[in-house]
Amino acid sequence: MGMSVTISAAVAEDAEQIFKLQYLAFQREAELYGNYLIQPLTQSLDSLKAELAADTVLVARLGDEIVGTVRGSVDEEGTAKIAKLCVHPRLQGHGLGARLLRAVEQALAGPGNTTRFRLHTGHKSESNLRLYRKAGYVKVGGRTASDGVQLVILEKEAKDPTDFTVSA
């Protein structure tokens, strides 16, 4: 390809590209569960724009194209909730998801008030579970999403933000 992928904060103008990427990237999950009503596929553009304004949203860019994204926020108790990590299907399996995960952890760790990271994925999503386990996450529970998908909830303790390394 000749270009490298860069990770940076999303801007409001990225909303439509993120929206289209999310829809494309979550097709595999929908197929896996036989459920095309999963939240990433039914989210409205306005809802996504609201998340862009309120949350930490990162994008991975290959030139001008957004090829990955992740978002998160930290609650009052210091739990950083990570959501909607996705990578363009043609770039999956090359470490970009791990890079995005490390980058959002670093961004959410902030000045050190973050005590843990929490995320969830579907119980059949083996590649996601493998990624999260490799990154140090452990299962802490489960629940059924409003769309009927059985979710696995995973957490890991937050480190000192100076301990994070984001490799290229």
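Residues numbered from 1 in each chain as written. Predicted model: local features only at pLDDT ≥ 70, side-chain atom pairs only at ≥ 80, totals over all residues. Heavy atoms only, no water.

Caption draft 1: Fine view of the sheet that holds strand β3 (residues 65-74). A sheet is described by the order of its strands in space; here 7 strands give the open sequence β1-β2-β3-β4-β5-β7-β6, paired in mixed fashion. Whereas interior strands pair on both sides, the edge strands pair on one side only; in this sheet they are β1 (5-9) and β6 (138-144). Within the sheet, the average angular offset between the axes of one strand and its neighbour, ignoring direction, is 25°. In the sheet, strand β5 (residues 116-122) pairs with strand β7 (residues 150-157) via 7 bridges, with the strands oriented antiparallel. Within β7, the position partnered with Arg116 by the bridge is Glu157. Along the sheet, helix α1 (residues 15-25) makes contact with β2 (56-62), β3 and β4 (79-87), crossing β3 at roughly 95°. Running at roughly 155° to β4, helix α5 (residues 96-109) makes contact with β1, β2, β3, β4, β5 and β7 of the sheet. (Pairing = 2+ DSSP bridges. Helix = DSSP H or I, 4+ residues; strand = E, 2+ residues; numbered from the N terminus. Axes fitted to C-alpha atoms, helices over the stretch in contact; angles between N-to-C directions. Contact = heavy atoms within 4.5 Å.)

Caption draft 2: Focus on the environment of Pro89. Within the element layout of this structure, Pro89 appears in the loop between β4 and α5. In the structure, Pro89 is positioned 64 residues away from Ala25 in sequence and 6.0 Å away in space, judged by C-alpha atoms. Leaving out residues up to four positions away in the same chain, Pro89 has contacts with Leu24 and Ala25.

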